[in-house]
Amino acid sequence: MADTYNKQAVIDQAARWAAMIDAGDMTEGERAECETWCAADPGHREVLERMLRFHDRVDQGGAVEKTALRKLLSQRANARRVGGATLLALCLAVAGWLLLRGQPADAPAIAYHTGRGEQRIVELDDGSRLTIDTDGSVDVTLTADRRRVHLHKGQVFAEVSKNPSRPFIVTTKNGSATALGTAFAVRQTGSASVVTVTQSRVRVCPGDAPQTDTRCLALSTGQRARMTSAAVTRLPDIDPELAMLWTKGWLEADDLEVSAVLLELGRYSAIPIRFEAGRLAGRRVTGSYPLTDIDRALEGLARTADLDVRKADSEIVITPR
Amino acid sequence: MRAHRPAGDIELLYSDHADWLRAWLGRRTRCAQRAADLTQDTFCRLLERPAQPMPSAPRGFLATVARRLLIDDIRRREIERAVRDAFALTEGAYDAITPERTIEAVHLLDAIIRLLDALPEQARQAFVLRRIEGLKQDEIAARLGISLSTVKRHIALAYAHCYALAEAA
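Let us look at the structure shown here. Just so you know, these numbers come straight off a predicted model, no measurement behind them. (Residues numbered from 1 in each chain as written. Chains lettered and ligands numbered in written order. Predicted model: local features only at pLDDT ≥ 70, side-chain atom pairs only at ≥ 80, totals over all residues. Heavy atoms only, no water.)

Some remarks on the overall build of chain B
Moving on, step 1. Across its full length, chain B holds seven helices and zero strands.
Moving on, step 2. Seen in sequence order, chain B has helices and strands lined up from the N terminus as α-α-α-α-α-α-α.
Moving on, step 3. Scored against the burial criterion, the 169 residues of chain B give a buried share of 43%.
Moving on, step 4. Looking at chain B alone, contacts between residues at least 24 apart form 60% of all its contacts between residues at least 6 apart.
Moving on, step 5. Looking at chain B as shown, the accessible area adds up to about 9000 Å², and 54% of this sits on carbon and sulfur atoms. (Helix = DSSP H or I, 4+ residues; strand = E, 2+ residues; numbered from the N terminus. Buried < 20%, exposed > 50% of the residue type's maximum accessible area, 1.4 Å probe, protein only. Contact = heavy atoms within 4.5 Å. Areas by Shrake-Rupley, 256 points an atom, 1.4 Å probe, with all protein chains shown as cover.)

Re the interface of chain A and chain B
Moving on, step 1. Contact residues are listed per partner, giving 45 residues for chain A and 52 residues for chain B.
Moving on, step 2. For the pair chain A and chain B, the two sides together bury roughly 4500 Å², of which 62% comes from carbon and sulfur.
Moving on, step 3. Remark: the boundary between chain A and chain B carries six salt bridges.
Moving on, step 4. Asp22(A) is the partner of Arg130(B) in a salt bridge, and the nearest nitrogen-oxygen pair spans 2.7 Å.
Moving on, step 5. Every element with two or more residues in the side of chain A that touches chain B is listed here: α1 (2-23), α3 (42-60), α4 (63-80), α6 (240-243), β14 (250-257) and β16 (284-290) of chain A.
Moving on, step 6. Residues of the side of chain A that touches chain B, tallied by class, amount to 21 nonpolar, five polar and 19 charged. (Buried area = accessible area lost by both parts, 1.4 Å probe. Salt bridge = Lys/Arg side-chain N within 4 Å of Asp/Glu carboxyl O. Nonpolar A, V, L, I, M, F, W, Y, C, P; charged D, E, K, R; others polar.)

Here we look at the environment of Leu151(A)
All names here are of chain A.
Moving on, step 1. Looking at where Leu-151 falls in the secondary structure, it is placed in strand β5 (residues 147-159).
Moving on, step 2. Separated by 14 residues in sequence, Leu-151 and Ser-137 have C-alpha atoms that sit 6.2 Å apart.
Moving on, step 3. In this view, Leu-151 contacts Ser-137, Val-138, Val-156, Thr-171, Thr-172, Val-186, Arg-187 and Gln-188; residues no more than four positions away in its chain are not counted.

Description of the state of the cysteines
Here, disulfide denotes a covalent bond that connects the sulfur atoms of two cysteines.
Residues and elements named next belong to chain A.
Moving on, step 1. The full count for this structure, using the stated rule, is one disulfide over all chains.
Moving on, step 2. Bridging Cys-205 to Cys-216, the disulfide has an S-S length of 2.2 Å. Handedness of the Cys-205-Cys-216 disulfide follows from its S-S torsion of about 115°: it is right-handed. With a gap of 11 residues between them, Cys-205 in strand β10 (residues 202-206) and Cys-216 in the loop between β10 and β11 (217-219) connect regions that are remote in the sequence. In this pair, the class of Cys-205 matches that of Cys-216, namely buried.
Moving on, step 3. Note on Cys-34: no disulfide assigned, nearest cysteine sulfur contributed by Cys-38 at a separation of 4.4 Å. (Disulfide = S-S within 2.5 Å.)

Points about the pattern of salt bridges
All names here are of chain A.
Moving on, step 1. The tally for this structure, following the rule as stated, stands at 31 salt bridges over all chains.
Moving on, step 2. A salt bridge links Arg-116 to Asp-135; its shortest N-O distance comes to 3.9 Å. A residue pair is termed long-range when its members are at least 10 positions apart, and Arg-116 in the loop between β1 (110-113) and β2 (120-123) and Asp-135 in the loop between β3 (129-132) and β4 (137-142) qualify at 19 residues.
Moving on, step 3. Arg-116 sits in the partly exposed class, given a relative accessible area of 45%.
Moving on, step 4. Note on Asp-135: relative accessible area 26%, which makes it partly exposed.
Moving on, step 5. Two residues, Glu-315 and Arg-274, come together in a salt bridge whose shortest N-O distance is 2.7 Å. Here Arg-274 lies in strand β15 (residues 273-274) and Glu-315 lies in the loop between β17 (307-311) and β18 (316-320), a separation of 41 residues in the sequence.
Moving on, step 6. Since its relative accessible area comes to 24%, Glu-315 is described here as partly exposed.
Moving on, step 7. In this structure Arg-274 comes out as partly exposed when scored by relative accessible area, which is 44%.

Here is the structure:
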């Protein structure tokens, strides 16, 4: 281990010299000290020279590299909330103004439904895409100045095509989630809705509250919030990739309670899945289960968690083995 | 000297789960070719790992390794797209587009992005202002409202991380 330790110490010292050289304000004394350090061991000089070389390469990057990098950084900053504050303020101002302009001319709403175990992808005319999860129901209204999706039940994942002058709003009985160009999911449960942002930013407001209401929250990538008609509360963050696995037909359990997995699979099952949560308490599983083939999912789950699956005409009964 | 995982274990993992992993990646990439490539990469990655007991949930384990590779792959594609766009936007650069030139730019940007991801927020800002925007260290101190010695510490951190990344590559 002494070897590793020394190496890190050399790297740290070389980095300090490199930063001083980069500042261009070294005194004669410091320069001499640096030279002594470099001369003390051939490895020292090599580490320092390699460090300076990488940064020289960055400095010499042409206009193309710099343009590309600025673009990449701004994309990432949006996702990361760095320096995105001004952009957000602008977006909200535009969205707020559009909302204040009053109701647009009535446009017909188009209704989409899914059955149990069914997922449906709907390509909207504006280039956005909706994935409607099992047992769901939405109304879509596209007008010249806004795009509105009302979620009656189930879950919807919206991949919103960018259009700053036409906000995209998903409403539920509990509130609204507004975006200009992003991807996010809204799920309706009994008494509340849950909004999960998988890309960029979404503004979440309770009930009929306008965008400017202080109870609204801005969510960015990986953030989730629970929305009721009175309030919006943050939930623990989630890996955005995991959050949207259901759109690909998979339920990914990462050390989950068996009963939580069964509850989720039950939403996709044509016939109800029965189990006593108390008897399964403490059993946890990790694995991927196909939402499109509940029989196979239950088979796999039964194998890992040691369960019995009994199929009757009108229900599936799960018991510990 | 690292002990390597016995190849027999990997062979078993491969014969049992390679098709599943390819399908899993296929759903995520929506491209059979990329899925096949990433499946190969995943198993190659496992062969390079030091010996470890066989995972109890092999698919979850494979998916974790594959997801990491997929994220790297997506980042590289993002960078490639940005480089192509930048070539298109830069006047007079059209003639300069050669495959070698593109690959070189992608490599450099990939290294920079990985470095930035590894740095704490303020150090990242300092690095970008210094290297990309070309500000001097004392100008960065004024811009960020921090002392010159803090800027120096941030820049040193960037040098150290960058060296570590170059070593690991």
